[in-house]
Amino acid sequence: MAELSTSPPLTRASVQVAHERIKSNIHHTPVLTNATISQFASTPQTANALQGTEWQGEEPANPKIWVLFKCENYQRIGAFKARGAFHALGRLIEVVGEDEVRRRGVVTHSSGNHAQALSLAAKTFDIPAHIVMPTISTPSKIAGTKSYGANVIFSGSTSDEREAVVADVIAKTGAILVPPYDHPDIMLGQGTLALELEQQAEEILSDASKSAGKIGIRNNGASLDAVIAPCGGGGMLSGVATALSGTGITVFGAEPSFEGADDARRGLLQGSRIEKVKTLTIADGLRTPVGKIPWTVLSDKTKLHSMYSVTEDQIKKAMRLLLERAKIFVEPSSAVPLAVVLFNEDFRRLVAQEAGDKGWNIGVVLSGGNTTVDAIAKLYAPEAEKLGERQEGKVGMNGEKVAENIAG
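- Identification of the chain as Tryptophan synthase beta chain-like PALP domain-containing protein from Neodothiora populina is taken from an unreviewed UniProt entry.
- UniProt's Cofactor (unreviewed entry) comment on the chain is quoted here verbatim: "pyridoxal 5'-phosphate".

What follows is the structure, encoded as structure tokens:
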């Protein structure tokens, strides 16, 4: 990467400059709404749904929530990572020189989305790319990375194992490391999605008085109140928090809880970054620990309000809802923020308390869609849940009665 001393400051203005740099290389992804999902989010969970959780026996929260999905699953390579890769590589060329970068090549480690993103960016600038991927990476992500001409080298699944292989590649080739999240140039590039979301939400909400009944947002013409995004290494969430700093939009993070994957949440509680994570959560894009530089943003209360976590089952339920009700094809990592909105009672209580009867318009970042039909089939194969329980939009995620399904 370009030396840290040459990186722009982590400010909203720097994100705006980054957006100008990369906008010709990325898609301006859509923001979609869905009345049924907003209705689910605004319906209290049942007492039965809270059985066995930390909220068992408590009165379910009753927030008023309208969701607006920032669909980075429609981004180039199928994920937001294209933003950071193009920005980081562009900055590297600017600082080091295109001929030198082309001579040495670049290297990174990634479970799949950053792998594909850097491969695409490198191909665009005719630069050799070496990509270290865990052997357990999703086959479609491996195939996608190879399709851009990258040299794929396999490793173990932990960050230590990945980084050891990267160090070996650098020693042999002289390639320049472009990390998946732990660098300001990556963070600023990822944060550009928040600038788009902010503007797109304003446009949608400005006409809310005419369309609220159809698309599931409140009709007072208000602006976006909050954004919730998934967190793995923290590059995207810290970029979003940086981009929205000072706007009045509250930023939240979402993680899986399985096998300690919620390292950012736990780190904030203990007051220090957790450096090692070893988890096989189904949200494979969120298996990495938060990076040192993203942590400086995420631990800043003026930029990130708080982190929340959800179970594997809750992630699958949210993913299914996106597939069946919104017709949005996503990977498990993308469903984590929606799962928090639907099932995490601490988050739902906060919204109910802060927003009251007015409610909140919440931007939900869908980070990517790099999975396959076969992978989804395997994910749901063990479930005993009956599909008929939610047919025709008459029974909600937890068995509650809801109105007829309204596609947004």
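1. Quick word on the packing of helix α15 (residues 312–324) against helix α18 (residues 373–380)
Part 1 of the reasoning: Between α15 and α18, the shortest axis-to-axis distance is 11 Å and the interhelical angle comes to 130 degrees. The angle between the axes of α15 and α18 places the two elements in the oblique class. Pair α15 / α18 crosses with left-handed handedness. Facing Lys316, Met319, Arg320 and Leu323 of α15, the residues of α18 in contact are Ile376, Leu379 and Tyr380.

2. Examining the packing of aromatic side chains
Part 1 of the reasoning: A complete count under the given rule lists five aromatic pairs for this structure.
Part 2 of the reasoning: Ring centres 6.2 Å apart and planes at 40 degrees place the aromatic pair phenylalanine 252 and tryptophan 360 in the tilted group. A residue pair is termed long-range when its members are at least 10 positions apart, and phenylalanine 252 in strand β8 (residues 250–256) and tryptophan 360 in strand β10 (residues 360–366) qualify at 108 residues. Of the two residues, phenylalanine 252 and tryptophan 360, neither departs from the other in class, the shared state being buried.
Part 3 of the reasoning: Joined through ring pairs, the aromatic side chains of Phe252, Tyr308, Phe347 and Trp360 make up one cluster.

3. Brief notes about the pattern of salt bridges
When the charged atoms of two side chains lie near each other, side chains of opposite charge can form a pair.
Part 1 of the reasoning: For the structure shown, the criterion picks out 21 salt bridges.
Part 2 of the reasoning: For the salt bridge of glutamate 198 with arginine 12, the shortest nitrogen-to-oxygen distance reads 3.1 Å. Of this pair, glutamate 198 sits in helix α10 (residues 192–206) while arginine 12 is found in helix α1 (residues 12–22), placing the two residues 186 residues apart along the sequence.
Part 3 of the reasoning: Two residues, glutamate 100 and arginine 103, come together in a salt bridge whose shortest N-O distance is 2.8 Å. Taken together, the residues span about one helical turn, with glutamate 100 and arginine 103 both in helix α5 (residues 98–104) at a distance of three residues.

4. Some details on the nonpolar core
Part 1 of the reasoning: In this structure, Phe69, Ile228, Leu322, Phe347, Ile362 and Val364 are the most contacted members of the largest nonpolar core, which totals 42 residues.
Part 2 of the reasoning: No other element matches helix α16 (residues 332–343), which puts eight residues into this core.
Part 3 of the reasoning: Ignoring sequence-local partners within four residues, the contact set of isoleucine 228 consists of Phe252, Gly253, Ala254, Pro337, Val340, Val341, Phe347, Ile362, Gly363, Val364 and Val365.
Part 4 of the reasoning: Grouped together as the second largest cluster of nonpolar side chains are 34 residues, Cys231, Val240, Val290 and Ile293 included.

5. Things to note about the sheet that holds strand β3 (residues 106–109)
Part 1 of the reasoning: Ordered by their spatial adjacency, four strands build an open sheet running β5-β4-β3-β6, and the pairing between neighbours is parallel. In this open sheet, the two strands that pair with only one neighbour each are β5 (151–155) and β6 (176–177).
Part 2 of the reasoning: Alignment of strand β4 (residues 129–134) against β5, held across five bridges, turns out to be parallel. Looking at β5, one finds that histidine 130 is bridged to asparagine 151.
Part 3 of the reasoning: Packing against the sheet, helix α6 (residues 113–124) makes contact with β3 and β4, and its axis sits at approximately 165 degrees to β3.

6. A short note on the sheet that holds strand β2 (residues 65–71)
Part 1 of the reasoning: Pairing within the open sheet is mixed, and its six strands lie in the order β1-β2-β10-β7-β8-β9. Two strands in the sheet have a free side with no partner beyond their single neighbour: β1 (31–33) and β9 (306–310). With strand direction ignored, the average angle separating the axes of adjacent strands in the sheet is 30 degrees.
Part 2 of the reasoning: Bridge count for β8 against β9 is five bridges, and the pairing is parallel. Looking across to β9, one finds that alanine 254 is bridged to tyrosine 308.
Part 3 of the reasoning: Here helix α13 (residues 263–270) sits on the sheet in contact with β8 and β9, set at roughly 135 degrees to β9.

7. Quick notes on the pairing of β10
Part 1 of the reasoning: Across the seven residues that make up β10, a large majority, seven, are buried.
Part 2 of the reasoning: Judged by which residues are buried, β10 turns out to be covered on both faces: Trp360, Ile362, Val364 and Leu366 on one side and Asn361, Gly363 and Val365 on the other are all buried.
Part 3 of the reasoning: Both strand β7 (residues 226–230) and β10 contribute to a ladder of three bridges, which runs parallel. Bridging across to β10, isoleucine 228 finds its partner in valine 364.

8. Overview of the layout of surface pockets
Part 1 of the reasoning: By volume, the largest pocket is sized at about 650 Å³.
Part 2 of the reasoning: Secondary-structure elements contributing two or more residues to the lining of the largest pocket are α3 (47–50), α13, β9 and α15.
Part 3 of the reasoning: Considering each element in turn, the lining of the largest pocket owes the most residues, five residues, to β9.
Part 4 of the reasoning: Taken together, the residues that form the lining of the largest pocket break down as 12 nonpolar, 13 polar and seven charged.
Part 5 of the reasoning: Considering the residues around the second largest pocket, the lining is formed by 22 residues, among which Thr138, Pro139, Ile282, Thr371 and Ala375 are closest to the centre.
Part 6 of the reasoning: Of all the secondary structure elements, the ones that give two or more residues to the lining of the second largest pocket are α7 (139–147) and α18.
Part 7 of the reasoning: For the lining of the second largest pocket, the per-class residue count stands at nine nonpolar, seven polar and six charged.

9. Some details on α7
Part 1 of the reasoning: All of the buried residues in α7 are Lys141, Ile142, Gly144 and Thr145. Here the buried residues of α7 occupy an arc of 160 degrees about the axis, which is enough to place them on one side.
Part 2 of the reasoning: Looking at the buried positions of α7, the neighbouring elements they touch are α6, β4 and β5.
Part 3 of the reasoning: Phi turns positive, to about 90 degrees, at glycine 149, one or two residues after α7.

Conventions and cut-offs
- Residues numbered from 1 in each chain as written.
- Predicted model: local features only at pLDDT ≥ 70, side-chain atom pairs only at ≥ 80, totals over all residues.
- Heavy atoms only, no water.
- UniProt positions renumbered as here; feature names shortened; annotations may be inferred.
- Axes fitted to C-alpha atoms, helices over the stretch in contact; angles between N-to-C directions.
- Helix = DSSP H or I, 4+ residues; strand = E, 2+ residues; numbered from the N terminus.
- Parallel < 35°, antiparallel > 145°, perpendicular 65-115°, else oblique.
- Left-handed = near helix turned anticlockwise from the far one by under 90°.
- Contact = heavy atoms within 4.5 Å.
- Phe/Tyr/Trp six-rings, centres within 6.5 Å; stacked < 30°, edge-to-face > 60°.
- Buried < 20%, exposed > 50% of the residue type's maximum accessible area, 1.4 Å probe, protein only.
- Salt bridge = Lys/Arg side-chain N within 4 Å of Asp/Glu carboxyl O.
- Core = buried A, V, L, I, M, F, W, Y, C linked by side-chain atoms within 4.5 Å.
- Pairing = 2+ DSSP bridges.
- 1 Å grid on protein atoms, 1.4 Å probe; cavity = no way out; pocket = protein on both sides within 12 Å on 5 of 7 lines; lining within 4 Å.
- Points joined across faces, edges and corners; volume = space filled by probe spheres on them.
- Nonpolar A, V, L, I, M, F, W, Y, C, P; charged D, E, K, R; others polar.
- Arc of directions from axis to C-beta.

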